[in-house]
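Spelled out, the chains give:
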Amino acid sequence: MKLKLHIWRQAGPEAPGKFHVYEMDDVSPDMSFLEMLDVLNENLQEKNEEPVTFDHDCREGICGTCGMVINGAPHGPQKLTTTCQLHMRSFKDGDELWLEPWRASAFPVVKDLMVDRSAFDRIINAGGYVSVNTGGIVDANAIPIQKHVADQAFDAATCIGCGACVAACPNASASLFTSAKMGHLGLLPQGQPERLSRAQNMVAQMDDEGFGHCTNHGECEAACPKGISIDFIAMMNRDLTKGVTKEPVTR
Amino acid sequence: MKLESNIPDGPLAEKWDKHKFDLKLVNPANKRKYTVIVVGTGLAGASAAATLSELGYNVKAFCYQDSARRAHSIAAQGGINAAKNYQNDGDSVWRLFYDTVKGGDFRAREANVYRLSQVSVNIIDQCVAQGVPFAREYGGLLDNRSFGGAQVSRTFYARGQTGQQLLLGAYQALQKQVAKGGVELHTRHEMLDVVLVDGEARGIVTRDLVSGKIESHAAHAVCLATGGYGNVFFLSTNAMNCNVTAAYRAYKHGAAFANPCYTQIHPTCIPVSGDHQSKLTLMSESLRNDGRVWVPKAKGDTRPPHEIPEDERDYYLERKYPSFGNLSPRDIASRSAKEACDEGRGVGPSGYGVYLDFRDAINRLGEDAIRARYGNLFEMYERITDENPYQVPMRIYPAVHYTMGGLWVDYNLMTSIPGLYALGEANFSDHGANRLGASALMQGLADGYFVIPATINDYLARQKPVPVTTDAAEFKEAERRVTEHNQKLLDVNGSRTVDSFHKELGKIMWEKCGMARNKEGLEWALKRIPELREEFWRDVKVLGAAETTNQSLEKAGRVADFMEFGELMCLDALEREESCGGHFREEHQTDEGEAKRNDADFAYVSAWEFKGVGERPALHKEQLEFENVELATRSYK
């Protein structure tokens, strides 16, 4: 099939960017979206044009490296699917596609479709862990955990940290990402001791990074390739309120 | 070069405890005076960096990804083995040890494997304490499943994403130490050289993948946890950016490379769909419990599968291995698929595929039962191929999955360069010639959480506790070498892209050094690869500049190393005149086509010493001693 691609090209964080138009002939429906871009890049290089920069690695939908906005939708039109797992049969001959990087001031563009998501790591640094060191641990079966609780914690833990939630949110909020980690740890017995301080510290860091607030649009859940529920945002807000009132953290 | 394995004396079960007592320690107040570099943040690297920092060492960690959480350990699906015996089914440290040595076709060190089995139980405790959400029973305790190569259920799992959950545990431990100031983490940094001062590893040279800046980093010791080299084949189940560069450049400085020809080919992957293919996707081996593998009996039969009558189908695994049938081991299943396709009986558009058919299981159990067992896998298959496996048989083909070979290390995980360590898939130590399922995660975390934190003290205690700097001339020299290498790649300004060379190399490796190897093919490859390498350096086209974000340049550097490394793999495969585990030499098989090991002549580790590009490396042999298990032939019939 033939496609017309409008791709955001930007040389660096400070450089102005704009859409460039590329015509693609002979796109196979069996290609993944990123393989289609690989072909484009091979063609560009043959014409001595610099290839389009985009982040990608595992191409199995689990590492969270890839991601771009395709016709206004983070990771494109298919639900519960990362960009690397999207296939060209989702499109039809003659389609025009607009490819953009995640748009958020907390995710500055590095080059073309690649952005800097290090703000996510800094949110984790603020408390997205259980403070135990290696060794001196009780037996793994010493603390039974109800299956439905473990399963719910798992649902939160499936977050791959891709940033689609931020790109989808009109406020560029990182609430779904942040609350997913808090939900994962906060539901498990191992995460209880730091639960309330974790909520306060991670939310404060999210604010410091320049992410917006959650105003219940729900776009994040719709865009999330792992289908993480905004129920975790409600849980986060509850822990935050409880923490601020019962065990306030001074920063 | 003299290879000292430093395996402790004494009975197998007491070696590790005795060794830990004999190793020198660094006192707590002195630990902060030492700096350790850890390259790679997968399971081995992240767990090592976090633990060394917790002990009090200054740690500098590096990864090429934009976040430490994205290392390729994340893609592991099945699980992690541990000898917990929670199922009361007769498991023990000894049984895990025995299964692993046997599964590796008796080409691993007994002492290393026994230690791995011992610490496996601590890994599970550690992960649970970090909040890793392993699967649980209704009673609230941990669940286990069984896996290939074992008759007990010892595999802990987290849905189909055990790798991601374990890595998040290690990543969070790492970020905890970053927040405390104990780890200086450099993401989007690729290690391009190791720096030796007076023959000992004293630092690395990296390229900042955003700015392109070449930087030096000094330390008292360097740990490489940089993964495997499956991408030498271009198509593999590895992530796109996995590479051999860190390990290979250490090899060029004198670190011996062990058993490079041991690669694992996984039998059940989705076949290549065209020239655009960039990577291969694994379908869980568990599908072979209910799927039947077949190809048409006649060559070139292009009828759709449902039109091929029963008596014109060849269920070749059931025919050749009646007792194991479709559950034959990975290496056998992979080679048999290749044979069928090479005979012209492969299916699908490319002819490189075999059917994995669920028709009989669906008729027997109903579609709902199959959906309950494999629903998510069937969905993934349909997303990629656009075919409904409930209605038409899946098409599968083997793909490169894991590399058992790696940098040679002693019992302390130190390479043949003092102060340079290798952890996880980057070393060669525990899996012999074939790795069992769910053992890669175990080894990565064993090395990082428990082995290196104990063994590295012994080396550091011998170093002066004075700050290290990058002032030595060797750092400047390494920076110059790396800068020139990159500039040379940009200056070729030829006509072919990096990928086109990588694909050509991958094809050579796959055809001549893949599932089955023979003398003629390997000799041809050893002639052809140097020619291709010469063409690469004469005609590669790398656009853009060195001092900026440049993915083509990153890739070019990695492929340049694969161009040399591929030759080493072929040489190793040629020299090993036997078949063992993932290494199948067509000349060495039984009348029934089984692998024929030669313990009398080849029960050794091949450790190669670099002698120059295009020069024959020197082979050093570390004899393997089996004092606790009896060498036996693996039988599948």
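Residue numbering note: each chain is counted from 1, following its sequence as written. Starting at A for chains and at 1 for ligands, labels are handed out in the order in which the entities are written. Local features in a predicted model are, by the rule used here, given only for residues with pLDDT of at least 70; side-chain atom pairs are given and counted only at 80 or more, and totals for whole chains, interfaces and linings are based on all residues.

Residue and element names in this part refer to chain B. One can read the domain layout of chain B as domain 1 (12–23 + 35–264 + 402–460), domain 2 (267–399) and domain 3 (488–596). One C-alpha centre belongs to domain 1, the other to domain 3; they are set 25 Å apart. Taken residue by residue, the interface counts 30 residues in domain 1 and 29 residues in domain 3. Secondary structure counts use DSSP, requiring at least four H or I residues in a row for a helix and at least two E residues in a row for a strand, with both numbered from the N terminus. At the level of elements, strand S6 (189–197), helix H7 (245–252) and strand S11 (263–269) are the ones that each hand at least two residues to the side of domain 1 that touches domain 3. A class-by-class count of the residues in the side of domain 1 that touches domain 3 yields 16 nonpolar, 10 polar and four charged. Delimitation of the domains relies on an automatic or database domain assignment. A pair of residues counts as a contact when their C-beta atoms, built from backbone coordinates, are separated by no more than 7 Å. For this classification, Asp, Glu, Lys and Arg are treated as charged, while Ala, Val, Leu, Ile, Met, Phe, Trp, Tyr, Cys and Pro are nonpolar and the rest, including Gly, are polar.

Okay, the domain arrangement of chain A next. By a frequent convention, interface size equals the accessible area lost on bringing the separate parts together. All names here are of chain A. Domain annotation of chain A identifies domain 1 (3–110) and domain 2 (117–132 + 141–246). Summarising the inter-unit geometry, the C-alpha centres of domain 1 and domain 2 are found 28 Å apart. If you look at the interface, domain 1 gives 18 residues, while domain 2 gives 17 residues. Partitioning the side of domain 1 that touches domain 2 into residue classes produces 10 nonpolar, seven polar and one charged.

Listed by partner, the interface residues are 61 residues for chain B and 60 residues for chain A. Listing elements by their share of the side of chain B that touches chain A, those giving two or more residues are helix H3 (43–55), helix H5 (110–130), helix H6 (162–179), helix H11 (367–385), helix H12 (440–460) and helix H16 (551–575) of chain B. The element best represented in the side of chain B that touches chain A is H6 of chain B, accounting for nine residues. For the side of chain B that touches chain A, the residue count by class is 21 nonpolar, 26 polar and 14 charged.

With respect to the secondary-structure elements, Ala545 of chain B resides in the loop between strand S19 (540–541) and H16. As a C-alpha pair, Ala545 of chain B and Asn486 of chain B span 59 residues in sequence and 9.4 Å in three-dimensional space.

Another aspect to go through is the sheet that holds strand S21 (residues 618–623) of chain B. Residues and elements named next belong to chain B. Strand pairing is assigned whenever DSSP identifies at least 2 bridges connecting the two strands. The four strands are arranged S16-S10-S20-S21 in an open sheet whose pairing can be described as antiparallel. The open sheet has two edge strands, strand S16 (406–407) and S21, and neither has a second partner. To obtain each axis, a line is fitted to C-alpha atoms, and for helices this fit is confined to the stretch in contact; angles are then taken between N-to-C directions over 0 to 180 degrees. Strand contacts of H16: strand S10 (257–258), strand S20 (604–609) and S21, with the helix running at about 145 degrees to S20, the strand carrying the most contacts.

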